[in-house]
Amino acid sequence: MSFLGISGLAKSYGTVTALGGIDLAVEKGEFVTLLGPSGSGKTTLLMAIGGFVLADRGVISLMSRDITRLDPEDRDLGLVFQGYALFPHMSVAENIAFPLEIRRWPRPRIAARVEEMLALVGLAALAGRRPRELSGGQQQRVALARALSFGPELLLLDEPLSALDRTLRESMQRELKRLHRETGVTFVYVTHDQEEAISMSDRIAVFRQGRIEQIGTPRQMYGRPATRFVAEFLGINNLFEGRVEAGPGGRAIRTFAGLLPIGRASDGTPLVAGAPATLWVRPEHASLAPVPEAVAVSAVIRDVAFLGAHDRLVLQPDGGPELIVQFPAGEAERFQPGARLTVHLPLAAFGVLPSA
Ligand SMILES: Nc1ncnc2c1ncn2[C@@H]1O[C@H](COP(=O)(O)OP(=O)(O)O)[C@@H](O)[C@H]1O
Ligand SMILES: [Mg+2]
């Protein structure tokens, strides 16, 4: 049995289906991220795990115990939200001690634990400050220390970094991964930011309209998205349609760029002759110089953007949909919108979605 098991969990608000039957198994010590657009049910699932939302159907189990109808305080989970919800009149140390006082830990044990938590999040020097005397990142560290102080086995985090600016967010991401590693606590983390999900998680569950559309490791999700929705949500911007043909040398896909000798979807399933196929290719796989085993695409340049480390071009191929390509900075400097260009896309760089 899994550490955290969710089966058939459903929740509706009137006519809105917030959760449409969720099945999810989380192993002990895992970092699992719920990733999806706003309104897809991520917070509702987290709140149901925490005991703040009662599901209409389904079962939640934690460490072999059915917790579906348990009160939040009997679940003993750590919670961290976007708004840190620190107690403004209490010092950093008092905030961290609070969950321990509720649990009636003896004084010396509380003092020792607070010191340990302050060291863990690097705030020993600020123990006496009030929350309003701290930066956003420091407040979030206090919230983390408070959520972990009583030693929960499971920490639920709902977009905890979304209020922070980019630089701080990236350093807090590393901080969270370190805390996860050092404490061994199981993390269920909610975000709508695909980069954050990819860089932090052991596994990602992509949410769509109250359902999990796909779950897997970041590498699996990045390399083998199962649906167009997942592909687009993970930042794949070149998706186009083709049709499978039974050629002399096996299956191939007819596209605007010609017949591509690809016989299987990226997940290994064989393609069916006559069926439509959705292909994708990442901008960074295009090359200006010819490469072996590649398809050449002739196009008009629509836009050239300098993005620091690379140049990004929007192309309009002859008879095809818009194509976004990217080259190391400098390589594409000479190109101007309106000019023609041929790019080379290696066959191995194409992904093919499994048939619906
Ligand atoms: N308390 C509530 N009352 C009515 N509708 C709600 C409530 N909570 C969530 N919803 C609806 O359920 C859906 C899922 O919401 P939520 O879980 O907050 O999504 P997410 O966290 O992915 O943005 C949304 O359509 C939202 O409007
Ligand atoms: Mg939410």
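Being a predicted model, the structure only gives us computed values, none of them experimental.

1. Remarks on the overall build of the protein chain
Then, number 1: Helix and strand counts for the protein chain stand at eight helices and 19 strands.
Then, number 2: Structurally, the protein chain occupies a C-alpha span of about 75 × 45 × 35 Å along its principal axes.
Then, number 3: Burial analysis of the protein chain (356 residues in total) assigns 49% to the buried set.
Then, number 4: Taking the contacts inside the protein chain whose residues are at least 6 apart along the sequence as the reference set, 64% of them involve residues at least 24 apart.
Then, number 5: A distance of 2 Å separates the average location of the 38 positive side-chain charges in the protein chain from that of its 38 negative side-chain charges.

2. Observations concerning the packing of helix H2 (residues 92-102) against helix H3 (residues 107-120)
Then, number 1: For the pair H2 and H3, the least separation of the axes is 9 Å and the interaxial angle reads 130°. Classed by the angle they form, the pair H2 and H3 counts as oblique. Viewed along their axes, H2 and H3 form a crossing whose handedness is right-handed. Note on element contacts: H3 touches H2 through Arg-107, Ile-110, Arg-113, Val-114, Met-117 and Leu-118, opposite Val-92, Ala-93, Ile-96, Ala-97, Leu-100 and Glu-101.
Then, number 2: Of the residues belonging to the contact of H2 with H3, the class tally is nine nonpolar, no polar and three charged.

3. Overview of the sheet that holds strand S1 (residues 4-13)
Then, number 1: Taken in spatial order, the four strands make up an open sheet running S2-S1-S4-S5, and their pairing is antiparallel. At either end of the open sheet lies a strand with only one pairing partner, and these are strand S2 (16-26) and strand S5 (65-66).

4. Description of the site of ligand 1
Then, number 1: Around ligand 1, a shell composed of Tyr-13, Val-16, Ala-18, Pro-37, Ser-38, Gly-39, Ser-40, Gly-41, Lys-42, Thr-43 and Thr-44 is seen.
Then, number 2: At a separation of 2.8 Å, an oxygen atom of ligand 1 approaches a polar side-chain atom of Thr-43.
Then, number 3: Secondary-structure elements contributing two or more residues to the shell around ligand 1 are S2 and helix H1 (42-50).
Then, number 4: Here the shell around ligand 1 gets three residues from one element, more than from any other, and that element is H1.
Then, number 5: Residues belonging to the shell around ligand 1 are distributed by class as follows: four nonpolar, six polar and one charged.

5. Digging into the sheet that holds strand S13 (residues 258-260)
Then, number 1: Pairing is antiparallel in the open sheet, where five strands are placed in the order S13-S12-S11-S14-S19. The outermost strands of the open sheet, each flanked by one partner alone, are S13 and strand S19 (351-352).

6. Here's the deal with H1
Then, number 1: The buried fraction of H1 amounts to eight of the nine residues, a majority that puts the element mostly inside the structure.
Then, number 2: Residues of H1 that are buried: Lys-42, Thr-44, Leu-45, Leu-46, Met-47, Ala-48, Ile-49 and Gly-50.
Then, number 3: One or two positions beyond H1, positive phi appears at Gly-51, with a value near 95°.

7. A short note on the packing of aromatic side chains
Then, number 1: For the coordinates displayed, the defined rule picks out six aromatic pairs.
Then, number 2: An angle of 40° between the planes, with centres 5.3 Å apart, marks the rings of Phe-31 and Phe-187 as tilted. Taken together, the residues Phe-31 in strand S3 (residues 31-35) and Phe-187 in strand S8 (residues 186-191) connect sequence positions 156 residues apart. As far as burial versus exposure is concerned, Phe-31 and Phe-187 are alike and both buried.
Then, number 3: Their ring planes at 20° and their centres at 6.0 Å tell us that Phe-229 and Phe-233 sit as a pair that is stacked. Placement of the pair is Phe-229 and Phe-233 together in helix H8 (residues 228-233), with a separation of four residues, close to one helical turn.
Then, number 4: By relative accessible area, Phe-229 is classed as buried at 17%.
Then, number 5: These aromatic residues form a ring-pair network of at least three members: Phe-31, Phe-187 and Tyr-189.
Then, number 6: If you follow Arg-103 out to its NZ or CZ, it ends over the ring of Phe-150, 3.6 Å from the centre.

8. Section: the domain arrangement of the protein chain
Then, number 1: The assigned domain composition of the protein chain is domain 1 (4-223) and domain 2 (239-352).
Then, number 2: Taking only C-alpha atoms into account, the centre of domain 1 sits 40 Å from that of domain 2.

9. Focus: the pairing of strand S11 (residues 239-247)
Then, number 1: Pairing analysis gives five bridges linking S11 to strand S14 (residues 276-280), with the strands arranged antiparallel. Among the inter-strand pairings, Phe-240 is bridged to a residue of S14, identified as Leu-279.
Then, number 2: The sheet contact formed by S11 and strand S12 (residues 250-255) spans five bridges and is antiparallel. When the sheet's bridge partners are listed, Ala-246 is paired in S12 with Arg-251.
Then, number 3: Counting the residues in the hairpin turn of S11 and S12 gives two residues.

10. A word on the environment of Gln-139
Then, number 1: On the secondary structure map, Gln-139 appears in helix H4 (residues 136-148).
Then, number 2: Each C-alpha atom, one on Gln-139 and one on Lys-177, is 17 Å from the other, the two residues being 38 residues apart in sequence.

Rules used throughout
- Residues numbered from 1 in each chain as written.
- Chains lettered and ligands numbered in written order.
- Predicted model: local features only at pLDDT ≥ 70, side-chain atom pairs only at ≥ 80, totals over all residues.
- Heavy atoms only, no water.
- Helix = DSSP H or I, 4+ residues; strand = E, 2+ residues; numbered from the N terminus.
- Buried < 20%, exposed > 50% of the residue type's maximum accessible area, 1.4 Å probe, protein only.
- Contact = heavy atoms within 4.5 Å.
- Lys, Arg positive; Asp, Glu negative; His and termini not counted.
- Charge placed at Lys NZ, Arg CZ, Asp CG, Glu CD.
- Axes fitted to C-alpha atoms, helices over the stretch in contact; angles between N-to-C directions.
- Parallel < 35°, antiparallel > 145°, perpendicular 65-115°, else oblique.
- Left-handed = near helix turned anticlockwise from the far one by under 90°.
- Nonpolar A, V, L, I, M, F, W, Y, C, P; charged D, E, K, R; others polar.
- Pairing = 2+ DSSP bridges.
- Near = heavy atom within 4 Å.
- Polar contact = N/O pair within 3.5 Å; in protein donor to acceptor, adjacent residues only side chain to side chain.
- Phe/Tyr/Trp six-rings, centres within 6.5 Å; stacked < 30°, edge-to-face > 60°.
- Lys NZ or Arg CZ within 6 Å of the ring centre and 35° of its normal.
- Domains from an automatic or database assignment.

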